[in-house]
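Understanding the architecture of this molecule
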Amino acid sequence: MCFMKRTAIVITGLIAAITMTVSDSIPSVHAEESVKHVLYMEGKQANETDMFIQNGQMFVSLKQLAAAFGLPLTYSLTDELFTYHDYKLAAGDHTVLVWGNSYRGYQINIRAAGEESWENDAVVYKPELNCQPESDYCEVIKEKYRGPVARDGRLYVPIRMIAKALDLTMDVQKKNNQFFVDLVKR
C-alpha cells in the first residue's frame, strides 16, 4: 500500500512539473501589452460587443451602426442558387447595400436613392471568388477575403469600408497604448 501511495505522489509531482514547464514555454497573452481599441459613433462610445479587430481591421455591428446614426436598416433573405442576406441602409441621397452569405462572402454597394437596378451601383467591396467553369457556382477565396463577417447571428462590417459607403468622417487617434476611432456624419 505504501508503494502505491509513493507512486501516486511521484506521478502527481511529475505531472505538475511537466505542466509548469510547458506553461512556462507558452507565451502568456496577459504578459504581452495588448492594444485597446475604443470606438465612438456620433460621440457615443460603442460597447465592446459591437466591434472587434480581425486581420488588422476593425469591424462594427451593422445594426448598432445604423442605430447610432439613426439610419433605417432593412433585412431580407433572397433564395437563388444560395440563400443571400440582404441589408439596406437608407443614407439620404443613397442606399448602402450589404448582401451575401458566408459561402460566397458579402459585397458592399452604393446605390442612388430610389434606384432598383444593380447596373449603376458603385462597388465599395466585392469578394474574390473561385468559380467553376461556365457556372454560377462560386465560393469566396477565404485567404483574400476582407469583407463583412457574420458572427453570433450578427453582421459586422469593416469600419473603413462602411464609413466610405455612408460618407462618414473617420478620425483615428493613438494615445499611449490605445486607439480611439471616432465616426461622425460629414
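Only a predicted model underlies this, so the values are computations on that prediction, with no experimental measurement involved.

Quick word on the side chain of Q57
Its place among the elements puts Q57 in strand β4 (residues 57-61). According to the relative accessible area criterion, Q57 is buried, its value standing at 17%. For Q57, the side chain forms a polar contact with the main-chain oxygen of R146, separated by 3.2 Å. Each residue touching Q57, except ones within four places of it in the same chain, is listed here: F52, R146, P158 and M161.

What to know about the packing of aromatic side chains
Per the counting criterion, the structure on display carries 10 aromatic pairs. Consider the rings of F82 and Y84, whose centres lie 6.5 Å apart with planes at 85°: the pair is edge-to-face. Aromatic side chains Y103 and Y137 sit 6.0 Å apart centroid to centroid with 50° between the ring planes, which places their arrangement in the tilted category. Here Y137 lies in the loop between β10 (129-131) and β11 (138-140) and Y103 lies in the loop between β7 (94-101) and β8 (105-112), a separation of 34 residues in the sequence. Through pairs of rings, three or more aromatic residues link up here, namely F82, Y84, W99, Y103, W118 and Y137. The ring of F180 has K175 sitting right over it, with the charged end atom 5.7 Å from the ring centre.

Criteria and thresholds
- Numbers given to residues run from 1 along each chain, matching the order in which its sequence is written.
- Thresholds applied to this predicted model are a pLDDT of at least 70 for local features of residues and 80 or more for the giving and counting of side-chain atom pairs; totals over whole chains, interfaces and linings are not thresholded and use all residues.
- Side-chain calculation: all heavy atoms of the structure are included, whereas hydrogens and water are not.
- Segments assigned H or I by DSSP are reported as helices when at least four residues long, segments assigned E as strands when at least two residues long, and all are numbered from the N terminus.
- For every residue, the accessible area (1.4 Å probe, protein chains only) is compared with the maximum for its type, and the residue is labelled buried under 20%, exposed over 50%, or partly exposed between those bounds.
- For the purposes of these results, a polar contact is taken to be a pair of N or O atoms within 3.5 Å, where, inside protein, one atom must be able to donate a hydrogen and its partner to accept one; residues adjacent in sequence count only when each atom of the pair is a side-chain atom.
- Working rule for contacts: check all heavy atoms of both residues, and any pair within 4.5 Å makes them a contact.
- The aromatic pairing rule takes the rings of Phe, Tyr and Trp, using the six-membered ring of Trp, and pairs them if the centres are within 6.5 Å, calling planes under 30 degrees apart stacked, those over 60 edge-to-face and the rest tilted.
- The criterion is that NZ of a Lys, or CZ of an Arg, lies within 6 Å of the ring centre and within 35 degrees of the ring normal, and then a charge sits over that ring.

Nothing here speaks to function; it is geometry throughout.
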